[in-house]
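# Survey of secondary and tertiary structure
What follows is each chain in one-letter form.
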Amino acid sequence: MAIIFLDSVTSTNTYCGRNIDNLKHADIVRARRQSEGRGRKQRIWSSEEGGLYFSLVLKEGLGGIKTLGLLTQIMALAVCKTARRQGVEAYIKWPNDVLSQGRKFCGILSEAIFDGEKLKAVIIGTGVNVSQDKINSEKPSITLRSLGVKKDAEKLLEDIIANFTADFSLLNRAGFEPLRALYKEYFLYLGKPVTMRVFDEELHGIAEDIDEAGRLVLNEGGKRRLIEIGDMDF
Ligand code: BTN
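A brief report on the enclosed structure follows. Given the structure is predicted, the values throughout are model-derived calculations rather than measurements. All chains use their own residue numbering, which begins from 1 and follows the written sequence. Local features in this predicted model are restricted to residues of pLDDT 70 or higher, and side-chain atom pairs are both shown and tallied only at a pLDDT of 80 or more, whereas totals for entire chains, interfaces and linings draw on every residue. Excluded from the side-chain calculation are hydrogens and water; included are all heavy atoms of the structure.

### Here's the deal with the pattern of salt bridges
Basically, it comes down to this: A pair is scored as a salt bridge if a Lys or Arg side-chain nitrogen falls within 4 Å of a carboxyl oxygen belonging to Asp or Glu. In this text, helices come from DSSP runs of H or I with a minimum length of four residues, and strands from runs of E with a minimum of two, each type numbered from the N-terminal end. Note on classification: 1.4 Å probe, protein chains only; a residue is buried when its accessible area is under 20% of the maximum for its type, exposed when over 50%, partly exposed between these limits.
Enumeration over the complete set of coordinates arrives at 25 salt bridges. For the salt bridge of D167 with K81, the shortest nitrogen-to-oxygen distance reads 2.8 Å. With D167 in helix α3 (residues 153-174) and K81 in helix α2 (residues 68-85), the pair connects residues that are 86 residues apart, well separated along the chain. An identical accessibility class is assigned to D167 and K81; each is buried.

Right, here's the structure in full:
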C-alpha cells in the first residue's frame, strides 16, 4: 500500500481512473486540493485546502462483494467511527453521507473500472470536511474542526483506513450481516419518515430497516420496498 500525496489535482478519482494500471491494491491517492472535485449525480464537490480528499484503489477481494454500494457503505461506517472516536455525534445518511448536527461533513463517490466484462478495480473517493474556511455546497455542511476535532487530516486518514481495512476483510469473509447492527445504530433516519429519490421517482415512507445486503427497507404505507440505489433528501 502506498499513499501518493498530490498538491493539486482535478479529482483524485479521475487521477486513479487514468492511472489505474500503475496503481496497486490498497494504494491511496490524496490531494491537498482538487480543481474539479466530483460528487454523486454530477454534483461539484467543493475541494478547498483544509479538507481531506482521497481515493482508495481496490483490486483484490472484490469477487465476493455483491454490490459497489456495500463498499461505499463500509467507507461511510469507517468515517463515522473515526469521527465518533473524536467525540463527534456522527450519523450516516443511507447510503453513504456522514452528518453531524444535521449537516454533512463527508461524501463518498465509488466508481468501478471494467476490463471488458471483468471488474478490474473499484475506486472509493472520499471527501471529508476537516478545517476549510469555506465550503461551496448546496447542502448544509460542517467541518470536523468546528465540531471540536483537533486531529489533522493525515491522522484522520490513518484511522479511516484502519477502520475500512478491518471491515473490508469482515465483509469479504462474512458479508454485511456482522456490520449491519452498527450501521443501523449510526443510521440517522431509522424508523423515521423520509423522502427518497430513486432514479426518476420520488418516494415517501418510513425508513424501516437496513437489510442483510445493505439495502434500505422503505415502508410506503404498509408496502415494503427494498432500495439498493437512491438518495435521501435532507
Ligand atoms: C458526494 O457526496 O456526492 C460524494 C463526494 C465525493 C468527493 C470525493 S473527494 C475525493 C474524491 N475525488 C472526487 O472528485 N470526488 C471524491
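### Some details on the sheet that holds strand β1 (residues 3-9)
Heads up, the rule is: Only strands that DSSP links by at least two bridges are regarded as paired with each other. The angle between two axes is taken between their N-to-C directions and runs from 0 to 180 degrees, where each axis is a line fitted to C-alpha atoms and a helix contributes only its stretch in contact. Here, two residues are considered to be in contact whenever any of their heavy atoms come within 4.5 Å of each other.
Reading across from one edge, β1-β2-β3-β7-β6-β5-β4 is the order of the seven strands in this open sheet, with mixed pairing throughout. Since the sheet does not close on itself, it has two edges, and those belong to β1 and β4 (90-93), each with one partner. Here the average twist between neighbouring strands, direction ignored, is 20 degrees. Here strand β6 (residues 103-115) runs beside strand β7 (residues 118-128); their pairing, made up of 10 bridges, is antiparallel. Opposite S110, over in β7, you have I124 as the bridge partner. Along the sheet, α2 makes contact with β3 (52-58), β4, β5 (97-100), β6 and β7, crossing β6 at roughly 145 degrees. Where α3 meets the sheet, it contacts β1, β2 (28-34), β3 and β7, and its direction lies at approximately 30 degrees from that of β3.

### So, the sheet that holds strand β9 (residues 201-210)
On the basis of which strands lie adjacent, the open sheet formed by five strands has the order β11-β10-β9-β8-β12 and antiparallel pairing. Since the sheet does not close on itself, it has two edges, and those belong to β11 (223-227) and β12 (231-232), each with one partner. When strand β8 (residues 193-198) meets β9, the two strands line up antiparallel, connected through six bridges. The residue of β9 that forms the bridge with V194 is G205.

### Remarks on the site of the ligand
The criterion, for reference: Think of it this way: one heavy atom of a residue within 4 Å of a molecule or strand is enough to make that residue near it. A 3.5 Å cut-off defines polar contacts: any pair of N or O atoms within that distance qualifies, except that in protein one atom must be a possible hydrogen donor and the other a possible acceptor, and neighbouring residues in sequence count only when both atoms are side-chain atoms. The method behind every accessible area is Shrake-Rupley, applied with a 1.4 Å probe, and residues are considered shielded solely by the protein chains displayed. Charged residues are taken to be Asp, Glu, Lys and Arg, nonpolar residues to be Ala, Val, Leu, Ile, Met, Phe, Trp, Tyr, Cys and Pro, and polar residues to be all remaining types, Gly included.
With respect to spatial proximity, 19 residues lie near the ligand, and among them S11, Q34, R38, R40 and K104 are the closest. Between the ligand and the protein, one listed contact pairs a nitrogen atom with a side-chain N or O atom of T12 at 3.2 Å. In the model, a nitrogen atom of the ligand is placed 2.9 Å from a nitrogen or oxygen of the Q34 side chain. Protein chains shield 99% of the accessible area of the ligand, which is 420 Å² for the free molecule. Residue assignment for the shell around the ligand shows that the elements contributing at least two residues are α1 (12-18), β3, β6 and β7. Considering every element that reaches the shell around the ligand, the biggest residue donor is β6, with four residues. Residues of the shell around the ligand, tallied by class, amount to four nonpolar, 11 polar and four charged.

### Things to note about the packing of aromatic side chains
Definition in use: Think of it this way: a Phe, Tyr or Trp ring, Trp meaning its six-membered ring, pairs with another when their centres are within 6.5 Å, and the plane angle makes it stacked under 30 degrees, edge-to-face over 60, tilted otherwise. We count a charge as sitting over a ring when the NZ of a lysine or the CZ of an arginine lies within 6 Å of the ring centre and within 35 degrees of the ring normal.
For the structure shown, the criterion picks out two aromatic pairs. Ring centres of F176 and Y183 lie 5.7 Å apart, and the angle between their planes is 70 degrees; on these two criteria the pair is classed as edge-to-face. Accessibility classification places F176 together with Y183 in one group, the buried group. Over the ring of Y91 we find R84; its NZ or CZ atom is 5.0 Å from the centre of that ring.

### Things to note about the side chain of T12
Topologically, T12 is positioned in helix α1. With a relative accessible area of 3%, T12 lands in the buried category. Every residue in contact with T12, bar those within four places of it in the chain, is listed here: V29, R30, A31, Q34, Y53, F54 and S55.

### With respect to the environment of R38
Structurally, R38 can be placed in the loop between β2 and β3. Of the residues examined, R38 reaches a relative accessible area of 35% and is grouped as partly exposed. Along the sequence, R38 and G125 sit 87 residues apart, while their C-alpha atoms lie 9.1 Å from each other. Look past the residues within four positions of R38 in its chain and what remains in contact with it is S11, N13, T14, R43, W45, L109 and E111. Of note is the side chain of R38, whose polar atom sits 2.8 Å from the side chain of E111.

### Here's the deal with helix α4 (residues 177-186)
This is how the line gets drawn: Directions from the helix axis toward the C-beta atoms define the arc.
The complete set of buried residues in α4 reads L179, R180, Y183 and Y186. All buried residues of α4 project into a common sector of 130 degrees when viewed along the axis, lining one side. Facing away from the buried side of α4 by over 90 degrees, the exposed positions are A181 and E185. Considering only its buried residues, α4 is in contact with α2, β4, α3 and β9.

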